[in-house]
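# Chains, contacts and geometry: an overview
Residues per chain, in single letters:
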Amino acid sequence: MPEELPTITLENGLVIHFYDQSNRYFGDFHRVCIKVSIALPQDLEISVDLSETGCFERTLEKMGVPSADLDTVRNALIDAFLTTSRAYLERPDFPEQLLRKMQQDKKPPTLFRGRNI
């Protein structure tokens, strides 16, 4: 079961959740895997269909990590993600842009043409 790490709430209302999904794969070597889930502010989700989740996810990963370095590597992955993306994610217009992108990415329903069902 994934371990939830501390969350971060940005100034524009986005909430960043980190989930540790690391595992040992050989001897003393581990795969450090952090799932990053970014949730839209509550007031934006109201305008979306109920089927819309209102978040998107990314995975941060590093292989071959010895047990002694797990915490250091986990923190380094999170820090690197925040260093490279925080300024972009904190922009005041980012939640609306993300919502528009999520709505555009919704796949249209599958139509069965030419079939008698």
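Everything below is about the structure shown above.
Residues numbered from 1 in each chain as written. Predicted model: local features only at pLDDT ≥ 70, side-chain atom pairs only at ≥ 80, totals over all residues. Heavy atoms only, no water.

## Quick word on the overall build of the protein
The helix and strand tally for the protein stands at three helices and five strands. Mapped in sequence order, the helices and strands of the protein form the string β-β-β-β-α-β-α-α. Relative to its 117 residues, the protein shows a buried fraction of 34%. On the protein, roughly 8,200 Å² of surface is accessible, and the fraction owed to carbon and sulfur atoms is 53%. (Helix = DSSP H or I, 4+ residues; strand = E, 2+ residues; numbered from the N terminus. Buried < 20%, exposed > 50% of the residue type's maximum accessible area, 1.4 Å probe, protein only. Areas by Shrake-Rupley, 256 points an atom, 1.4 Å probe, with all protein chains shown as cover.)

## A look at a nonpolar patch on the surface
A cluster of nonpolar side chains, namely Tyr-25, Phe-26, Phe-29 and Met-63, defines an oily patch on the protein surface of about 450 Å² accessible area. Along the chain, the position of Tyr-25 falls in strand β3 (residues 23-26). (Patch = residues over 30% accessible without salt bridge, like charges linked within 9 Å, V, L, I, M, F, W, Y side chains within 5 Å. Salt bridge = Lys/Arg side-chain N within 4 Å of Asp/Glu carboxyl O.)

## Details of the side chain of Asp-20
Mapped onto the elements, Asp-20 comes out in strand β2 (residues 15-20). Polar contacts involving the side chain of Asp-20 include one to the side chain of Ser-22, which spans 2.5 Å. Among the polar contacts made by the side chain of Asp-20, one reaches the side chain of Arg-74 at a distance of 2.8 Å. Once you skip the residues sitting within four places of it in the chain, Asp-20 turns out to touch Pro-2, Glu-3, Leu-5, Cys-33, Ile-34 and Arg-74. (Polar contact = N/O pair within 3.5 Å; in protein donor to acceptor, adjacent residues only side chain to side chain. Contact = heavy atoms within 4.5 Å.)

## So, helix α2 (residues 70-89)
With 20 residues, α2 extends 27 Å from end C-alpha to end C-alpha; this agrees with the ideal 28 Å at 1.5 Å per step. The largest bend along α2 measures about 40 degrees and falls at Thr-83. Those residues of α2 that fall on the buried side of the exposure criterion are Leu-70, Val-73, Arg-74, Leu-77, Ile-78, Phe-81, Leu-82, Ser-85 and Leu-89. (Expected span 1.5 Å × (residues − 1). Bend = angle between axes of the 7 residues up to and from the residue.)

## Details of the environment of Ser-67
Here Ser-67 is to be found in the loop between β5 (55-66) and α2. The class of Ser-67 is partly exposed, set by a relative accessible area of 34%. Sequence separation between Ser-67 and Asp-28 is 39 residues; the distance between their C-alpha atoms is 6.1 Å. Among the polar contacts listed, one links the side chain of Ser-67 to the side chain of Asp-28, at a separation of 2.4 Å.

## So, the nonpolar core
Residues Ile-16, Phe-18, Ile-34, Val-36, Ile-38, Phe-81 and Leu-89 are the most contacted members of the largest nonpolar core, which totals 25 residues. Sorting the residues of this core by element identifies β1 (3-9), β2, β4 (29-39), β5, α2 and α3 (94-105) as the ones contributing at least two each. If one sorts the elements of this core by residue count, α2 sits on top with seven residues. Sequence-distant contacts of Leu-89, that is, excluding residues within four places in its chain, are made with Leu-10, Asn-12, Leu-14, Ile-16, Ile-38, Phe-81 and Phe-94. (Core = buried A, V, L, I, M, F, W, Y, C linked by side-chain atoms within 4.5 Å.)

## A word on the environment of Val-36
Note that Val-36 resides in strand β4. Of the residues examined, Val-36 reaches a relative accessible area of 1% and is grouped as buried.

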